[in-house]
Protein chains: 2
Amino acid sequence: MRIVELTKEAKENILENLLKRSPNNYGQYEETVKDILADVKEKKDKAVFEYTKKFDKADITAQNIRVTEEEIEEAYALVDDSLVEVIRKALANIRDYHMKQKQYSWFDTTPQGTMLGQKVTPLEKVGVYVPGGKAVYPSSVLMNIVPAAVAGVDKIVMTTPPDAEGKVSPNTLVAAKEAGVQEIYKVGGAQAIAALAYGTESVPKVDKIVGPGNIFVALAKKAVYGHVSIDSIAGPSEILVIADETANPRFVAADLLSQAEHDEMASAILITTSKELAKKVSDEVDGFLKVLSRKEIMEKSLENYGYILLVKDLEEAVEAANEIASEHLEIVTKDPYNLMMKIRNAGAIFLGEYSSEPLGDYFAGPNHVLPTNGTAKFFSPLSVDDFIKKSSIISYSREALEPVHKDIVQFATSEKLTAHANSIAVRFE
Amino acid sequence: MRIVELTKEAKENILENLLKRSPNNYGQYEETVKDILADVKEKKDKAVFEYTKKFDKADITAQNIRVTEEEIEEAYALVDDSLVEVIRKALANIRDYHMKQKQYSWFDTTPQGTMLGQKVTPLEKVGVYVPGGKAVYPSSVLMNIVPAAVAGVDKIVMTTPPDAEGKVSPNTLVAAKEAGVQEIYKVGGAQAIAALAYGTESVPKVDKIVGPGNIFVALAKKAVYGHVSIDSIAGPSEILVIADETANPRFVAADLLSQAEHDEMASAILITTSKELAKKVSDEVDGFLKVLSRKEIMEKSLENYGYILLVKDLEEAVEAANEIASEHLEIVTKDPYNLMMKIRNAGAIFLGEYSSEPLGDYFAGPNHVLPTNGTAKFFSPLSVDDFIKKSSIISYSREALEPVHKDIVQFATSEKLTAHANSIAVRFE
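Residues numbered from 1 in each chain as written. Chains lettered and ligands numbered in written order. Predicted model: local features only at pLDDT ≥ 70, side-chain atom pairs only at ≥ 80, totals over all residues. Heavy atoms only, no water.

## As for the overall build of chain A
Move 1: Each helix and strand in chain A was counted, giving 18 helices and 14 strands.
Move 2: Counting over 429 residues, chain A shows a buried share of 62%.
Move 3: Considering only intrachain contacts with a sequence separation of at least 6, the fraction spanning at least 24 residues in chain A is 75%.
Move 4: As displayed, chain A offers around 16,100 Å² of accessible surface, 51% of which is attributable to carbon and sulfur atoms.
Move 5: Looking at chain A, you have 49 positive and 64 negative side-chain charges, and the mean spots of the two groups are 4 Å apart. (Helix = DSSP H or I, 4+ residues; strand = E, 2+ residues; numbered from the N terminus. Buried < 20%, exposed > 50% of the residue type's maximum accessible area, 1.4 Å probe, protein only. Contact = heavy atoms within 4.5 Å. Areas by Shrake-Rupley, 256 points an atom, 1.4 Å probe, with all protein chains shown as cover. Lys, Arg positive; Asp, Glu negative; His and termini not counted. Charge placed at Lys NZ, Arg CZ, Asp CG, Glu CD.)

As structure tokens, then:
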């Protein structure tokens, strides 16, 4: 891996390079996506089946678009029992963590007869998109469905592209069933997002669409935003490790590679105060590259977006970490808790040398759907919050309104909204 | 107002008619907006000044784009002291309510040495857009700024279009100052959204942009979504009143008109079980129309999107209210609390006959920036939640990881992510 001293200029170049990966930079596909959306909105199922034939080579009809109970049973027969057990253990942890995110309705009263409050209601229908193709991630199925289920969503439907035989990966089906999906439809790409946003004869319209996908899926989600809600737009995966001389270089190297293997756009960065560690991590990376299976992807992503950055102190490391706002941040220093307090922008923060990033991807409980590409500055991990909405509650008695009614009339009148003023005044005429 | 029996068919037509008002239906302006965004991104201040000259007829330069302390003092001199007092009373209520929305970081530990948690951090920089032109709403300034201030945002900047003389409404400036804005810039429209999203020599780049605006502002916000965060996209205002025979027709009529006066796209709907009330409300509306100042707007919006809907019982009323998912919902029945429990979709719910909608617009405390156009099915009122983000915290000791490490390795291996598996395995080799 390249080892670079983190000057101001180097930092600016790196930040710019990382942002190149943003899904905001793929405007050239917008027209294609728009056409697909318009087509599905108008021709519904017919368009869905045509695009599925075109892109996935599968013959999907109204008869076979929905995954049957038999297909799910078949899937269980194909998946190792021990993997099902692991999925269940992970699920229990994920549920436990997300239960702690639950928000409750509240209200507050005064003896004058006012009640103000906030009512929390789960969303009614949610669509979860699950990618197919080269990468099948049951863990991602769990992470997208559990927060919706914990929030109390009535109906969780999933869509995923079929293979050319019209099949869905058994691991995906088992994970979906375990997590509590009610309906699964075999459709992928922008056409799946359109079907969920507008509804077709076969696929129900939902209130919110979540889940990762390729650039077409990302652009389609952005295009339907406002018509339905969406989760934040996912970019390529990232890891940033802050380490000092106490870190184990072998662990750090392994963790960097765990994100580099995702795809060629993934980014793996180490920021360290120790030149010695930098060298050792680089050597360990080279060693692992020789034995790990996804060598080519890792080499490419390290070449494009991998860095070992040398800083003079941990203050500088924290500053850079806050600017990069990484999806995953590992802190492997003498006192990781102390440093964590200074971290402002990160999707998930892993503390200490046994808190390896994949622990979070699969098992610990917090969601692995995290803001990428600098969006940790303003977006949060996927959570139960994403599957509820709130309504304000306002109740005033005559006795409570009377002493303030003239103030409200004055405020409304100052905005020239005379019918607003009238609606207060009329109650005391 | 037209009185319609709420058949299934009538409901479908009304829902379709209401959705016509959605900002999602103004694709024809997208290209214009895109050009403005690209222009400001590239030419920064220069483009901002050109568009301000073109659209607002104002000569704005780097020297006068930022509102000065003197301009704010001038504004105070021009605003009635009694209005400043009213603004302060409203502010105190708005702050009180939003303080109750604050969310806190939490963590949870086990004796095996695991800590999982969620860290809450305020956004660093937020941009508040405030419309100018024909409608100046200081109340909206308060409602957008207070939740950001309560969340603890470091820097709150505001942009608003100047008039042809390069001035900003004194009421707006006073409200902004009282609410705690740090910087105010004289720029409006899509060019303001671009400036806040990308930054210019004069206007700082922010992490999130909130605030209402015309269709160009709405489309610009949607276009920059993902690059920065935005609040939900605002559509025209709406009121839905559920009333039975116990309601005061004069109050109901006044409340319907309070939203109808906003603009010709606004919607005002009464759903009632009482034919007698329906008739009386219609008569009261006619009476008010004769005396209120914004007659033409109200007539137009009632003609387009105003309805009195007759239902056979309150169950039916609730069902329709949940489908319409109105921005504002008033419940004026014998037992409004009982009905409120059944409401699933509404921005703000007003209970009882003294809880007039404008009480919420100006004074009670809950935010008046609410989801419109059916989006209350999945969006929430603007709140402190909009100005924070969360980071997951994960810490596992060796003792905690050891007993589960094989499970994680198996899960990662099943996804063919061998470098993920390696990063766990390497810790126990």
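Once you've had a look at it, read on.
## Here's the deal with the relation of the copies chain A and chain B
Move 1: Its rotation angle being 180 degrees, the transformation that places chain A on chain B also includes 0.0 Å of axial translation and leaves an RMSD of 0.0 Å. Those values place the two copies in the arrangement expected of a two-fold rotation axis. The rotation axis passes nearest to the C-alpha of Lys222(A) in chain A, at a distance of 4.1 Å. (Least-squares fit on C-alpha atoms with pLDDT ≥ 70 in both.)

## Examining the sheet that holds strand S7 (residues 208-210) of chain A
All names here are of chain A.
Move 1: The strand order across the open sheet built from five strands is S6-S5-S4-S7-S8, with neighbouring strands paired in parallel fashion. Every interior strand has two partners, whereas the edge strands, strand S6 (183-186) and strand S8 (229-230), have only one.
Move 2: One ladder, built from two bridges, connects S7 with S8; its direction is parallel. For Ile 209, the partnering residue across the bridge sits in S8 and is Ile 230.
Move 3: Taken strand by strand, helix H8 (residues 189-198) contacts strand S4 (125-129), strand S5 (155-160) and S7, and its axis lies near 175 degrees from that of S4. (Pairing = 2+ DSSP bridges. Axes fitted to C-alpha atoms, helices over the stretch in contact; angles between N-to-C directions.)

## What about the sheet that holds strand S4 (residues 125-129) of chain B?
Move 1: The parallel open sheet is built from five strands, whose spatial order is S6-S5-S4-S7-S8 (chain B). Bordering the open sheet on either side are strand S6 (183-186) and strand S8 (229-230) of chain B, each of which pairs with just one other strand.

## Observations concerning the UniProt feature "binding site: substrate" (unreviewed entry) in chain A
Move 1: Taken from the UniProt record, the annotation "binding site: substrate" (unreviewed entry) applies to Ser237(A), Gln259(A), His262(A), His328(A), Asp361(A), Glu415(A) and His420(A). Separation in sequence by 184 residues is matched in space for these annotated residues, since their most distant C-alpha atoms are 56.1 Å apart.
Move 2: Within the fold, His262(A) resides in the loop between helix H10 (249-260) and strand S10 (267-272).
Move 3: Filtering out sequence-adjacent residues up to four positions away, His262(A) remains in contact with Tyr137(A), Ser237(A), Arg294(A), Ile297(A), Leu417(B) and His420(B).
Move 4: Residue position: Glu415(A) is located in the loop between helix H17 (405-414) and helix H18 (418-425).
Move 5: Those residues in contact with Glu415(A) that sit more than four places away from it in its chain are Val136(B), Tyr137(B), Pro138(B), Ser139(B), Ser140(B) and Tyr362(B). (UniProt positions renumbered as here; feature names shortened; annotations may be inferred.)

## Description of the interface of chain A and chain B
Move 1: The interface of chain A with chain B comprises 123 residues on the first partner and 125 residues on the second.
Move 2: Across the interface of chain A and chain B, roughly 10,800 Å² is buried in total on both sides, 56% from carbon and sulfur atoms.
Move 3: Our enumeration of links across chain A and chain B arrives at 14 salt bridges.
Move 4: For Asp407(B), the salt bridge goes to Lys89(A), with nearest N and O atoms at 2.8 Å.
Move 5: Linking chain A with chain B are 76 residue pairs in polar contact (both at pLDDT 80 or more).
Move 6: Each residue belonging to the side of chain A that touches chain B can be placed in one class, and the counts come to 59 nonpolar, 35 polar and 29 charged.
Move 7: Relative to strand S13 (residues 348-351) of chain B, strand S14 (residues 388-396) of chain A runs parallel, the two sharing three bridges. In the strand pairing of S13(B), Ile393(A) is matched with Ile349(B). (Buried area = accessible area lost by both parts, 1.4 Å probe. Salt bridge = Lys/Arg side-chain N within 4 Å of Asp/Glu carboxyl O. Polar contact = N/O pair within 3.5 Å; in protein donor to acceptor, adjacent residues only side chain to side chain. Nonpolar A, V, L, I, M, F, W, Y, C, P; charged D, E, K, R; others polar.)

## Brief notes about the packing of aromatic side chains
Move 1: Taken as a whole, this structure holds 17 aromatic pairs over all chains when the rule is applied.
Move 2: With a centroid separation of 5.8 Å and an interplanar angle of 65 degrees, the aromatic rings of Tyr225(A) and Phe379(B) are classed as edge-to-face. Taken as a pair, Tyr225(A) in the loop between helix H9 (215-224) and S8 and Phe379(B) in the loop between helix H15 (357-362) and strand S14 (388-396) lie in two separate chains rather than in one.
Move 3: The exposure class of Tyr225(A) is buried, given its relative accessible area of 6%.
Move 4: Take Phe379(B): its relative accessible area is 9%, and that puts it in the buried class.
Move 5: Aromatic pair Phe378(B) and Phe379(B): ring centres 4.8 Å apart, planes at 80 degrees, arrangement edge-to-face. In this structure, Phe378(B) and Phe379(B) share a single accessibility class: buried.
Move 6: An aromatic cluster is present here, built from Tyr225(A), Phe378(A), Phe379(A), Tyr225(B), Phe378(B) and Phe379(B) joined pairwise through their rings.
Move 7: The ring of Tyr305(A) carries Arg21(A) above its face, with NZ or CZ at 5.3 Å from the centroid.
Move 8: The aromatic ring of Phe387(A) is capped on one face by Lys208(A), whose charged end is 5.9 Å from the ring centroid. (Phe/Tyr/Trp six-rings, centres within 6.5 Å; stacked < 30°, edge-to-face > 60°. Lys NZ or Arg CZ within 6 Å of the ring centre and 35° of its normal.)

## Observations regarding helix H13 (residues 314-324) of chain B
Residue and element names in this part refer to chain B.
Move 1: Listed in full, the buried residues belonging to H13 are Glu 316, Ala 317, Val 318, Ala 320, Ala 321, Asn 322 and Ile 324.
Move 2: Contacts from the buried residues of H13 go to helix H1 (8-19), strand S9 (238-243), strand S10 (267-272), strand S12 (328-332) and helix H14 (336-340).
Move 3: One side-chain oxygen at the N-terminal end of H13 lies 3.3 Å from the backbone nitrogen of Glu 315; it belongs to Asp 313.

## Re the UniProt feature "binding site: Zn(2+)" (unreviewed entry) in chain A
Move 1: According to UniProt, the feature "binding site: Zn(2+)" (unreviewed entry) maps to Gln259(A), His262(A), Asp361(A) and His420(A) in the numbering used here. A maximum C-alpha distance of 56.1 Å shows the annotated residues, which cover 162 residues in sequence, to be distributed over more than one spot.
Move 2: With respect to the helices and strands, the residue Gln259(A) is situated in helix H10.
Move 3: Of the residues examined, Gln259(A) reaches a relative accessible area of 1% and is grouped as buried.
Move 4: Not counting residues within four places of it along the chain, the set of residues in contact with Gln259(A) comprises Ser237(A), Glu238(A), Ile239(A), Ala266(A), Ser267(A), His328(A), Glu357(A), Asp361(A) and His420(B).
Move 5: Here Asp361(A) shows up in helix H15 (residues 357-362).

## Looking at the packing of helix H5 (residues 81-99) of chain B against helix H6 (residues 138-151) of chain B
To describe two helices that pack against each other, one gives the angle between their axes and the distance between the axes.
Residue and element names in this part refer to chain B.
Move 1: The N-to-C vectors of H5 and H6 enclose an angle of 45 degrees; their axes lie 10 Å apart at closest approach. The angle between H5 and H6 falls in the class oblique. Remark: the crossing between H5 and H6 carries right-handed chirality. Contacts from Ile 87, Ala 90, Leu 91, Ile 94, Arg 95, His 98 and Met 99 of H5 reach H6 at Leu 142, Met 143, Val 146, Pro 147 and Val 150.
Move 2: Of the residues belonging to the contact of H5 with H6, the class tally is 10 nonpolar, one polar and one charged. (Parallel < 35°, antiparallel > 145°, perpendicular 65-115°, else oblique. Left-handed = near helix turned anticlockwise from the far one by under 90°.)

## Some thoughts on the nonpolar core
Move 1: Core analysis: the largest hydrophobic core is formed by 259 residues, its most contacted members being Leu257(A) and Leu257(B).
Move 2: Leave out the neighbours within four places in its chain, and Leu257(A) touches Val285(A), Phe288(A), Leu289(A), Leu292(A), Met298(A), Leu302(A) and Ala419(B). (Core = buried A, V, L, I, M, F, W, Y, C linked by side-chain atoms within 4.5 Å.)

## Quick word on the pattern of salt bridges
Residues and elements named next belong to chain B.
Move 1: Taken as a whole, this structure holds 60 salt bridges over all chains when the rule is applied.
Move 2: Taking the shortest distance from any N to any O, the salt bridge between Glu 31 and Lys 34 comes out at 4.0 Å. With Glu 31 and Lys 34 both in helix H2 (residues 30-43) and three residues apart, the pair spans about one turn of that helix.
Move 3: With a relative accessible area of 44%, Glu 31 lands in the partly exposed category.
Move 4: The exposure class assigned to Lys 34 is partly exposed, which follows from its relative accessible area of 32%.

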